[in-house]
Amino acid sequence: MDLVLNYVDYNFFTPYVYPTTWPEDEPFRQITSLLIVTNLGALVLYLLFGTLSYYLVFDHSLKQHPQFLENQVQLEIKYALQSLPWISIPTVALFFAEVRGYSRLYDNIGDSPYGWFGVILSMLSFLFFTDMCIYWIHRFLHHKLLYKHLHKPHHRWKVATPFASHAFHPVDGFLQSIPYHIYPFLFPLHKVTYLGLYIAVNVWTISIHDGDYRVPHFLKHIINGSAHHTDHHLYFDYNYGQYFTLWDKIAGSYKSPSSFDGKGPHDYLKKLKSGELASIKNGHVDEELVKRDSLKNK
């Protein structure tokens, strides 16, 4: 994060915002700047990529699904915008530790123990490490003692849009982001690579809420994409992973997406329009498509 901080200091904060007598490396100034940059960055990432995904990828016919709430898009955006500033507070504490040199982030490829190979290896290990950690954090958040207090707000969106991606309770959102932040304190990582990965995982989080279930056939049961995550929102007890299905398979929580079997939300809408479904009771999806015991209003 010091790369971003140095850039905005040089181009904006130092010449236009802060008094020249306030040193750039003064701790309180750095914390203040990080709060501004983190909040603005989160807003840009969320609103920019969420909007692009909503208009270019998301199938708007899903808004006709009986599980889609009235004014849901506005509610998702409102909840996310209320949560992001709170999430930024502990996030900035970790960014500040990075800026002060307590992480294992490095500037030059030559500083990598294995050169370019080490950079590529660190990218892969970052994905597998964070996927493993998020799996267990996510599953922990489904524990009955925590779920209704922390994670339930995110499951309000049964048929999600890209704007649901960051619509978390602040504690929930921060807990699931911790693996991204602790990785560079545990393992060497190139600074630009880290910045790129941080942006990529936020875009990925948006993509698994976009309702686009297409994926190459050979990756269908490897990548935890939108189809898998949609079933997590609908069926509750399955597909906790972030990028891969590995830990769901190891821990017994993997479920082949219903959309791959012709029983997903799009298929439900097709049957609804064709008149195959006689009735919908209380806004619940037909039992064939969504098991009632998985749609607990916990």
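All residue numbers here refer to positions counted from 1 along the written sequence of the relevant chain. In view of the model being predicted, local features appear only for residues whose pLDDT reaches at least 70, and side-chain atom pairs are presented and counted only at 80 or more, with totals across whole chains, interfaces and linings using the full set of residues. No hydrogens and no water enter the side-chain calculation; it runs on all heavy atoms of the structure.

Colleague: I keep staring at the packing of aromatic side chains and nothing clicks. Help me out?
Modeller: When we look at a pair of aromatic rings, we describe it by the centre distance and by the angle of the planes. Note on aromatic pairs: the rings of Phe, Tyr and Trp (six-membered ring only in Trp) are paired at centre separations within 6.5 Å, and the planes decide the class, stacked below 30 degrees, edge-to-face beyond 60, tilted for the rest. On inspection of all chains with the given rule, the structure shows 23 aromatic pairs. Centroid distance Phe13 to Tyr18: 5.2 Å. Interplanar angle 40°. Geometry classified as tilted. For Phe13, a relative accessible area of 4% translates into the label buried. Relative accessibility thresholds used throughout: buried, under 20% of the residue-type maximum; exposed, over 50%; partly exposed, between the two (1.4 Å probe, protein chains only). Taking the relative accessible area as the measure of exposure, Tyr18 reaches 9% and is therefore buried. Here the aromatic rings of Tyr135 and Tyr240 are separated by 5.8 Å at their centres, their planes lie at 85°, and the arrangement is edge-to-face. Taken as a pair, Tyr135 in helix H4 (residues 115–141) and Tyr240 in the loop between helix H8 (226–235) and helix H9 (246–251) lie far apart in primary sequence, 105 residues in all. Considered together, Tyr135 and Tyr240 belong to a single accessibility category, that of buried residues. Put simply, the rings of Phe12, Phe13, Tyr16, Tyr18, Trp22 and Phe28 touch in pairs and so form one group of aromatic residues. For a ring to carry a charge above it, either NZ of a lysine or CZ of an arginine must fall within 6 Å of the ring centroid while also lying within 35 degrees of the normal to the ring plane. Lying across the ring of Phe260, Lys220 places its NZ or CZ 4.9 Å from the centre. Runs of H or I in DSSP of at least four residues are treated as helices and runs of E of at least two as strands, each being numbered from the N terminus.

Colleague: Even after reading the chapter, I still don't get the nonpolar core, so can you show me in this structure?
Modeller: As a rule of thumb, soluble globular proteins bury nonpolar side chains together. Residues enter a nonpolar core if they are buried and are Ala, Val, Leu, Ile, Met, Phe, Trp, Tyr or Cys, with the set joined through side-chain atoms within 4.5 Å. With 25 residues, the main nonpolar core has Leu34, Phe95, Phe126, Tyr180, Leu189 and Tyr194 as its most contacted residues. Secondary structure elements with two or more residues in this core: helix H1 (2–17), helix H2 (27–56), helix H3 (72–99), H4, helix H6 (170–186) and helix H7 (191–207). In this structure Leu189 touches Arg104, Leu105, Tyr106, Ser122, Phe126, Tyr183, Pro184, Tyr194 and Leu197, once residues within four positions along its chain are discounted. The contact definition used throughout considers only heavy atoms, calling two residues in contact when any of these lie within 4.5 Å.

Colleague: Where do I start with the packing of H1 against H2 in this structure?
Modeller: It is at 11 Å that the axes of H1 and H2 come closest, and there the two elements cross at 95°. The angle between the axes of H1 and H2 places the two elements in the roughly perpendicular class. Side by side, H1 and H2 meet where Val4, Leu5, Val8, Asp9, Phe13 and Thr14 of the first sit next to Arg29, Gln30, Ser33, Leu34, Ile36 and Val37 of the second. Split into classes, the residues belonging to the contact of H1 with H2 amount to seven nonpolar, three polar and two charged. Fitting a line to C-alpha atoms yields each axis, with helices limited to the stretch in contact; the angle taken between N-to-C directions then spans 0 to 180 degrees. Between 65 and 115 degrees an angle is taken as roughly perpendicular, under 35 as roughly parallel, over 145 as roughly antiparallel, and anywhere else as oblique. Each residue is assigned to one class: nonpolar for Ala, Val, Leu, Ile, Met, Phe, Trp, Tyr, Cys and Pro, charged for Asp, Glu, Lys and Arg, and polar for all the others, Gly among them.

Colleague: Honestly, the pattern of salt bridges in this entry has me stumped. Any pointers?
Modeller: Side chains that carry opposite charge are capable of pairing whenever their charged atoms lie near each other. Any Lys or Arg side-chain nitrogen located within 4 Å of an Asp or Glu carboxyl oxygen qualifies as a salt bridge. Following the criterion strictly, the structure yields five salt bridges and no others. Put simply, Asp9 and Arg29 hold a salt bridge, and the shortest N to O gap is 2.9 Å. With Asp9 in helix H1 and Arg29 in helix H2, this residue pair connects regions lying 20 residues apart in the sequence. Note on Asp9: relative accessible area 2%, which makes it buried. The exposure class of Arg29 is buried, given its relative accessible area of 1%. Lys255 is the salt-bridge partner of Asp231, the closest N and O atoms lying 3.0 Å from each other. One end of the pair, Asp231, is in helix H8; the other, Lys255, is in the loop between H9 and helix H10 (265–274), and 24 residues separate them in sequence. What you see here is one network of salt bridges that share partners, running through Asp2, Asp107 and Lys191.

Colleague: Honestly, the confidence of the model for the protein chain in this entry has me stumped. Any pointers?
Modeller: Caution applies to low-pLDDT parts of the model: their predicted coordinates are not meant to be read in detail. How sure the predictor is of each residue is captured by pLDDT, a score from 0 to 100. Residues with a pLDDT of 70 or more make up 92% of the protein chain, whose mean pLDDT is 90. Long-range and interchain partners of residues 280–290, a stretch whose pLDDT sits below 50, account for 22 contacts in this model, where long-range means more than four residues apart. Low pLDDT, under 50, characterises residues 292–297; the predicted model gives this stretch twelve contacts beyond four residues in sequence or across chains.

Colleague: Help me understand the environment of Tyr235, please; the structure alone is not making it clear to me.
Modeller: Along the chain, Tyr235 falls in helix H8. On the accessibility criterion, Tyr235 (4% relative accessible area) is buried. The spatial distance from the C-alpha of Tyr235 to the C-alpha of Lys158 is 9.1 Å, given a sequence separation of 77 residues.

Colleague: Looking at this model, I keep getting lost on H4. Mind explaining?
Modeller: Side chains three or four residues apart in an α-helix point the same way, a direct result of the helix having 3.6 residues per turn. Helix span is expected to be 1.5 Å times the residue number reduced by one. Along its 27 residues, H4 runs 38 Å from first to last C-alpha, staying within 8% of the 39 Å computed at 1.5 Å per residue. Within H4, burial applies to Gly118, Val119, Ser122, Phe126, Phe129, Thr130, Asp131, Cys133, Ile134, Tyr135, His138 and Leu141.

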